[in-house]
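Tertiary structure, described
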Amino acid sequence: MSDLTRIAVVTGAGRGFGRAIAAALVAQGTRVIGIARNEPELRAVRDELGEGFTPLAADATDEALAAKVIRAHGPSLLVLNAGAVPHMAPVQEQTWETFSRNWEVDTRHVFAWTGAALREPLAPGSVVISMSSGAALGGSPLSGGYASAKAAVRYLQQYGAEESERAGLGIRFVTVLPDMTPVGGVGDTGVTGYAARVGVDRETFIAGRQPILTLEQVGKAVVELAGNPDTGPEYRLGGAGLSPINRA
């Protein structure tokens, strides 16, 4: 990991992927500002990780917060991981409120932080990593607007990269598309829903999706991508590791 990433912001840092990412970054010497709405969960992460983790209980979708944190801490790595657990039901059983849930959290917070990263801006050589989903490639008929919200995350990162290049800012944008896994809150809900949809129990469904992505792999992948200036713009992440996505 280069010196440029000694201060990182991780959204959704209280549990699941965000907690694992924060732990991996702290373990290799990065000071992490962890943002989530749930203050007790953040305090538990601080108790686990120590002084390398600074908890900030706040709403990651707040555009003013994004600018304030960037100005106050000068991070050179943003990991945009916050997201809502989708309402699991087929489209005819969704309301617009349930269908749009992930647009209002997942997409909105990436929009807020991408804009702030470009306006402040982050220092040259900084990295913005957004957690999208494999569902953005293949859809997810039981999770409302989740797949489309995660697809929008991909576009926002592409737009951010283009604007960084146009302005000569030197900010690198990377999108990670993790496979569904029972070890995260969203994935756990998805596994339960899709197992029921195909008429098998959870264990049978999980066994059919081996190798399963682990939290440790998520943290390791973010550290690897943040520290390698030669990475591409998008990566699929599964139990077998990272694989680049060819946008063409």
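For the structure given in this document, a descriptive report is provided here. (Residues numbered from 1 in each chain as written. Predicted model: local features only at pLDDT ≥ 70, side-chain atom pairs only at ≥ 80, totals over all residues. Heavy atoms only, no water.)

**Structural notes on the sheet that holds strand 3 (residues 53-57)**
What the eight strands build is an open sheet, ordered 3-2-1-4-5-6-7-8; its pairing is mixed. Two strands close off the open sheet at either side, each with one partner strand: strand 3 and strand 8 (241-244). Taking the axes of each pair of neighbouring strands and ignoring which way they run, one obtains an average angle of 20 degrees across the sheet. Contacts from helix 1 (residues 16-27) reach strand 1 (7-11), strand 2 (31-36), strand 3, strand 4 (77-80), strand 5 (127-131) and strand 6 (172-178), with the element oriented near 170 degrees to strand 1. Set on the sheet, helix 7 (residues 146-167) makes contact with strand 5, strand 6 and strand 7 (234-238); between it and strand 6 the angle comes to about 165 degrees. (Pairing = 2+ DSSP bridges. Helix = DSSP H or I, 4+ residues; strand = E, 2+ residues; numbered from the N terminus. Axes fitted to C-alpha atoms, helices over the stretch in contact; angles between N-to-C directions. Contact = heavy atoms within 4.5 Å.)

**Considering the nonpolar core**
Residues Ile21, Leu25, Phe53, Leu77, Ile129 and Met131 are the most contacted members of the largest nonpolar core, which totals 31 residues. Judged by nonpolar contacts, the second largest core, of 24 residues, contains Leu78, Leu80, Val153 and Leu156. (Core = buried A, V, L, I, M, F, W, Y, C linked by side-chain atoms within 4.5 Å. Buried < 20%, exposed > 50% of the residue type's maximum accessible area, 1.4 Å probe, protein only.)

**Considerations on the pairing of strand 2**
With five of its six residues buried, strand 2 lies for the most part within the structure. Of the pairings in the sheet, the one linking strand 1 to strand 2 comprises five bridges and is parallel in character. Its bridge partner lying in strand 2, Ala8 is registered against Val32. Following the backbone out of strand 1, through helix 1 and into the adjacent parallel strand 2, one traces a crossover that is right-handed. As judged from the five bridges shared by strand 2 and strand 3, these two strands associate in the parallel manner. Opposite Val32, over in strand 3, you have Phe53 as the bridge partner. This β-α-β element, strand 2 to helix 2 (residues 39-49) to strand 3, shows right-handed connectivity. (Right-handed = clockwise from strand over helix to strand, strands pointing away.)

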